[in-house]
Amino acid sequence: MGCDAGTVAAAIREAAAVITEHRDELVKLDQAIGDGDHGENLKRGFGFVLARLDESTPDTPAAVLKLVATTLISKVGGAAGPLYGTAFLRAATAVGDAAELTPELISTALQAAVDGVVARGKAEVGDKTMVDALTPAAKAQGATVAEVLRAAADAAEAGAESTVPLVARKGRASYLGERSAGHLDPGARSSALLLRSFADSA
Amino acid sequence: MGCDAGTVAAAIREAAAVITEHRDELVKLDQAIGDGDHGENLKRGFGFVLARLDESTPDTPAAVLKLVATTLISKVGGAAGPLYGTAFLRAATAVGDAAELTPELISTALQAAVDGVVARGKAEVGDKTMVDALTPAAKAQGATVAEVLRAAADAAEAGAESTVPLVARKGRASYLGERSAGHLDPGARSSALLLRSFADSA
Amino acid sequence: MKKIINDPTTIVADALRGMALAHPGLLRITEDPAVVARADAPVRGKVAIVSGGGSGHEPLHGGFVGLGMLDAACPGAVFTSPTPDQVQAAVTQVDGGAGVLLLVKNYTGDVLNFETAAELVAADGIDVRTVVIDDDVAVRDSTWTAGRRGVGGTVLLEKIVGAAAESGADLDTCERLARAVVGNVRSMGIALTAPTVPHVGEPSFTLAEDELEVGIGIHGEPGRSREPMADADTLVAALLDPILDDLPFAEKSRVLLFTNSMGGTPLLELYLAHGIAERLLAERGITVERRLVGPFITSLEMQGMSLTLLRLDDELTALWDAPVHTAALRWGV
Amino acid sequence: MKKIINDPTTIVADALRGMALAHPGLLRITEDPAVVARADAPVRGKVAIVSGGGSGHEPLHGGFVGLGMLDAACPGAVFTSPTPDQVQAAVTQVDGGAGVLLLVKNYTGDVLNFETAAELVAADGIDVRTVVIDDDVAVRDSTWTAGRRGVGGTVLLEKIVGAAAESGADLDTCERLARAVVGNVRSMGIALTAPTVPHVGEPSFTLAEDELEVGIGIHGEPGRSREPMADADTLVAALLDPILDDLPFAEKSRVLLFTNSMGGTPLLELYLAHGIAERLLAERGITVERRLVGPFITSLEMQGMSLTLLRLDDELTALWDAPVHTAALRWGV
Ligand SMILES: Nc1ncnc2c1ncn2[C@@H]1O[C@H](COP(=O)(O)OP(=O)(O)O)[C@@H](O)[C@H]1O
Ligand SMILES: Nc1ncnc2c1ncn2[C@@H]1O[C@H](COP(=O)(O)OP(=O)(O)O)[C@@H](O)[C@H]1O
Ligand SMILES: [Mg+2]
Ligand SMILES: [Mg+2]
Ligand SMILES: [Mg+2]
Ligand SMILES: [Mg+2]
């Protein structure tokens, strides 16, 4: 079975479940160095995504990704809403009108997504943000969709872990200065969770 | 040595010390069934009394009692300020221009004091107020000033203790209804403290 | 105890100094005895309205001094009624020759101290009247007890009587209106947490995470009963029902609804509670014609709220709408 | 967590419903998307001033909607910036044809969401400008970080720019004035306790009885450092010194001093702190010409305070004094 709109929609549903499951963890991480809403915001956003997917499943992968993008942008708020929204929007544009996603298209989409996050948020690797998880993930290659996504998830998890010792220079955690060190960045963690769930769905 | 103005002033100074010493206890009692200020208010009031006695010692017992009365009335506030103020004012009037207080005058003064409190506050015995300590104390008789005051102190302590099981019908504790039972009334306690300190000074 | 203070024994004087600096054109504040007066007092020929009570309920009473409300307020120590010499000084400062009305919350201490002051100023030949407010339905009333407390209704009383005095009403009229407000206003409050009195240093009572005090006063006195914590719908109904039953407020009554924060309850929760109260009143066919929402009579940092309902007629409504310019309440000017 | 709410996920909508009922003639509130707008919007020919941000800071921003201040506010979820469609809806509702100025507090989320909204409404042919406020001196600024936060200065910004728009100033003038305020306003805050975000259910951080957070924001983010608790003189100086050094405010500067409660700090303490701040400024030869004291930008029930200093000139002073009629700030009307 190829990676068509239905498959992408199913992966998104699975991702929504994973976010809901990890809501409290993300809230706790954000409470330590931010304002404690990251898990709740994403949960709310993906809740709306599910509701929209229930209404109708778009008929291309790009259309699914665009539905996710516009929903996150209009429903999440906070930093993560526009950042993840932009990521999905750029990914949608990158895959064009393909009926099925190939491994190459996945790689292209991942790179487009992280470029979008950087364009919006101006963060670099090492600033202790989701960019630290997404940047290495976007380099993932593989012979199958599953392989690419597995590599991306592995890289994102490592990238997320790498945020622990960092002093934040972007986002709310940056207000803490040195006190932000020693904590896992919530956005990096949610990025790793999303990619792992995509890999598991593939 | 007779009970002249100097003796009365010394007894008042001693009473001020006792109140200061028991400030926290009175605060705690008032916190349980009132608003927690009784100890602080009396301490503040007797602090001003001491300051005024330092300026000049009045030359009759009545003048000392009147100084205490006006100071408490103008500096204490709350229920206890006017009530104790009235008590001392009535006592002052009762002893007239006597140069020394006799046992009989002490008895008369005590009765006048409690009558004043009742006139102002309209409380009866059993309402769980200072009246429960002062009313039995005012019945005290004796051959010497010390004897009268000792009897008054004993009666006041017993009267204060008797407030514990009562349901308050006057003052702030009355708002608690049944929940006021099981607590010692702070005003009854301070009355007993004052009379015991007078007895000890005699 | 964590508070932004220097010394618990000077907190009221220190705060009054800051208040005077914050409202230079509006207030004139003396420290000994402590009196907050209108900057333009005495206003010749106007009935002077004077109130006061323990501190810790801010903005009550000092925040309600100004045009169209109080001429002076006497701030006592925290949660302690003011002394007669404060009241006497206030009356002397603001008496404009048309008489003075004392508005007193029904607490033994307040009543006794204002009573003493009234005797003193009457002896000076000033025509002084006293109206005592006792709007708290949480307290069961009887001639054998201290009676009900004065709580949220006090704010409405001060506004309405202040407007009458400002408009030139004489002392009889002001007193009549004050009694009309007292006769038509009822309140009830709850506490979610206890306040900490600065000179005590510890919370006035302790509540578990799932408990609240129902029928609380504004002095950290424990309430009438301790109940399990509930949702906002339940809490608001528990506040409103005894108020409605008491007067009683009937269908087609026109009312002012005052939703008050005890200090620590944020505006977000207060608006939420206000919305529920309006809905419940609408369901009973009672018309909310005016409203006031905010922390106007507080108990230091205590979390909790109270509801106050005043039955309106055209006269009271017009006086409520009249211009007012104080630190805490201002409109029309 | 003990709060007067029904459900943490509907708290903002529930509160907005109550707010609409509380201020019928003043506000028009839509729930989806959530927008608090002037009842008389759009005002034809007037520049529209729109702001917004996470909820939990009440009265900011909805309490500042009305004549002479904001045309609309977009309340996000608690401590979460609003979404672009809220901002877009607000702009569409209040655009009077003379352009729209967005006032945005400098947080990544707020900036990104307002930016997106600005793109969307610009595409609809509306002349929209954005001014970002970043007055919090507690945060060390650099082009490499998210920069300073927008805090207390926001209230002054909204008042002054709102007055300009009300008086008929065009979009360029409003934008210039907004930048003038941002360039001349500085703030700093402390927290004595943490707020509890309803959907989290636990305090955002824990402080011992003898600790406070210095350089706190308004979202329950921990501050820059944790310090031992101190007396009011020390705390106020610790807030004021970094503000004065930053701009810098010089001798003979004319300023507006805004002493703000974070919510849970009672007015008694706030006036006390205000008095100290005025004294310290007087000692430095700085003239306090205007002041604002109260809980105007809060962090739910958090105890703490902030100081904001705005350097005044005649133009800003006149705009500050101009009439305003909102739920939380009202004078001259
Ligand atoms: N400028 C930025 N670029 C990339 N990611 C960012 C940026 N700012 C914040 N983030 C990410 O957003 C996460 C916080 O998201 P969230 O809690 O939803 O927003 P907010 O900080 O507005 O409450 C951070 O953990 C971080 O990974
Ligand atoms: N009506 C009254 N008659 C006699 N004593 C009273 C009356 N009301 C209160 N008291 C006494 O006053 C005491 C409380 O005094 P205090 O705490 O100083 O005043 P407040 O209640 O105003 O805070 C009570 O414990 C009680 O003994
Ligand atoms: Mg967050
Ligand atoms: Mg007491
Ligand atoms: Mg008291
Ligand atoms: Mg947030």
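A quick note: this is a predicted structure, and the numbers were derived from the prediction, not measured.

### Description of the interface of chain B and chain C
Opposite the 32 residues of chain B that make contact, chain C presents 41 residues. Carbon and sulfur atoms make up 48% of the surface buried where chain B meets chain C, a total of about 2,800 Å² over both sides. The interface formed by chain B and chain C contains 4 salt bridges. Among the salt bridges present, the one from E119(C) reaches R120(B), with a minimum N-O distance of 3.5 Å. Remark: the boundary between chain B and chain C carries 14 residue pairs in polar contact (both at pLDDT 80 or more). Mapped onto the side of chain B that touches chain C, the elements with two or more residues apiece are α2 (23-33), α3 (38-55), α4 (61-75) and α5 (80-95) of chain B.

### Regarding the relation of the copies chain C and chain D
Between the two copies, chain C and chain D, the superposition gives an RMSD of 0.0 Å; the rotation angle is 180° and the shift along the axis is 0.0 Å. Within this description, the copies of the chain are treated as partners about a two-fold rotation axis. When the interface residues of chain C are mapped onto chain D, 100% of them again fall at the interface, so both copies present the same face.

### Remarks on the environment of G36(B)
Counting through the fold element by element, G36(B) comes out in the loop between α2 and α3. Its relative accessible area of 0% is what places G36(B) among the buried residues. It is 9.4 Å that separates the C-alpha atoms of G36(B) and P186(B), two residues lying 150 residues apart in sequence. Not counting residues up to four positions away in its chain, the partners in contact with G36(B) are V27(B), D30(B), Q31(B), H199(C) and V200(C).

### Looking at the site of ligand 2
Taken together, the neighbourhood of ligand 2 is formed by 22 residues, with D35(B), D37(B), G121(B), D185(B) and G187(B) sitting nearest. Proximal residues around ligand 2 fall on chains B and C, making this an inter-chain site. The separation between an oxygen atom of ligand 2 and a polar side-chain atom of R172(B) is 3.1 Å. The contact in question runs from an oxygen atom of ligand 2 to an N or O atom on the side chain of D185(B), over 2.5 Å. Contact with the protein chains hides 96% of the accessible area of ligand 2, taken as 570 Å² for the molecule alone. At the level of elements, α3, α5 and α9 (186-201) of chain B are the ones that each hand at least two residues to the shell around ligand 2. In terms of residue count, the dominant contributor to the shell around ligand 2 is α9(B) (3 residues). For the shell around ligand 2, the residue count by class is 8 nonpolar, 8 polar and 6 charged.

### What to know about the coordination of the magnesium ion (ligand 3)
Ideal donor angles around a metal are set by the shape: a four-donor tetrahedron calls for 109.5 degrees, a six-donor octahedron for 90 or 180 degrees. Residue and element names in this part refer to chain A. Here the magnesium ion (ligand 3) is held by the protein donor atoms D30 (OD), D35 (OD) and D37 (OD), which lie 2.1 Å from it. Along the chain, the residues donating to the magnesium ion (ligand 3) are arranged with the sequence spacing D-x4-D-x1-D. For the pair the magnesium ion (ligand 3) and the magnesium ion (ligand 6), the metal-to-metal distance amounts to 3.5 Å, and D35 bridges them. Like D30, the residue D35 is buried in the burial classification.

### As for the domain arrangement of chain C
Residue and element names in this part refer to chain C. According to the domain assignment, chain C contains domain 1 (16-134 + 148-156) and domain 2 (185-323). On a C-alpha basis, the centroid separation for the pair domain 1 and domain 2 is 24 Å. Of the residues lining the interface, 21 residues belong to domain 1; the matching set on domain 2 comes to 28 residues. Around 1,900 Å² of area is buried between domain 1 and domain 2 when both sides are counted, 67% of it from carbon and sulfur atoms. It is F79, R149 and L156 in domain 1 that bury the most area against domain 2; as a group they hold 33% of the surface buried on that side. The interface formed by domain 1 and domain 2 holds 1 salt bridge in total. Its salt-bridge partner being R148, residue D246 comes within 2.4 Å of it at the nearest N-O pair. Summed over the shared surface of domain 1 and domain 2, the number is 8 residue pairs in polar contact (both at pLDDT 80 or more). Broken down by element, the side of domain 1 that touches domain 2 gets its largest block of residues, 3 residues, from helix α4 (residues 153-166). Residue classes in the side of domain 1 that touches domain 2 are distributed as 11 nonpolar, 6 polar and 4 charged.

### Points about the UniProt feature "domain: DhaL" (unreviewed entry) in chain A
Those places that UniProt annotates as "domain: DhaL" (unreviewed entry) correspond, in this numbering, to residues 6-200 of chain A. Along residues 6-200 of chain A one finds 69% helix and 0% strand; the C-alpha atoms at either end are 16 Å apart.

### Concerning helix α3 (residues 108-123) of chain C
A rise of 1.5 Å per residue sets the reference length of α3(C), with its 16 residues, at 22 Å; its end C-alpha atoms lie 23 Å apart and thus fit the reference within 8%. With its phi angle positive at about 85°, G125(C) sits one or two positions after the end of α3(C).

### Digging into the pattern of salt bridges
On inspection of all chains with the given rule, the structure shows 74 salt bridges over all chains. With its nearest N and O atoms 2.8 Å apart, the salt bridge here joins E40(A) to R23(A). Of this pair, E40(A) sits in helix α3 (residues 38-55) while R23(A) sits in helix α2 (residues 23-33), placing them 17 residues apart in sequence. For the pair shown, E40(A) and R23(A) are each scored as buried. The residue K3(C) makes a salt bridge to E269(D) at a minimum N-O spacing of 3.8 Å. Remark: E269(D) occurs in helix α7 (residues 267-283) and K3(C) occurs in the segment before α1 (11-22); the pair is interchain, linking two chains. Assigned by exposure class, K3(C) and E269(D) land together as buried.

About the cut-offs
- Residues numbered from 1 in each chain as written.
- Chains lettered and ligands numbered in written order.
- Predicted model: local features only at pLDDT ≥ 70, side-chain atom pairs only at ≥ 80, totals over all residues.
- Heavy atoms only, no water.
- Contact = heavy atoms within 4.5 Å.
- Buried area = accessible area lost by both parts, 1.4 Å probe.
- Salt bridge = Lys/Arg side-chain N within 4 Å of Asp/Glu carboxyl O.
- Polar contact = N/O pair within 3.5 Å; in protein donor to acceptor, adjacent residues only side chain to side chain.
- Helix = DSSP H or I, 4+ residues; strand = E, 2+ residues; numbered from the N terminus.
- Least-squares fit on C-alpha atoms with pLDDT ≥ 70 in both.
- Buried < 20%, exposed > 50% of the residue type's maximum accessible area, 1.4 Å probe, protein only.
- Near = heavy atom within 4 Å.
- Areas by Shrake-Rupley, 256 points an atom, 1.4 Å probe, with all protein chains shown as cover.
- Nonpolar A, V, L, I, M, F, W, Y, C, P; charged D, E, K, R; others polar.
- Donors = N, O, S within 2.8 Å, 3.2 Å for Na, K, Ca; no water.
- Domains from an automatic or database assignment.
- UniProt positions renumbered as here; feature names shortened; annotations may be inferred.
- Expected span 1.5 Å × (residues − 1).

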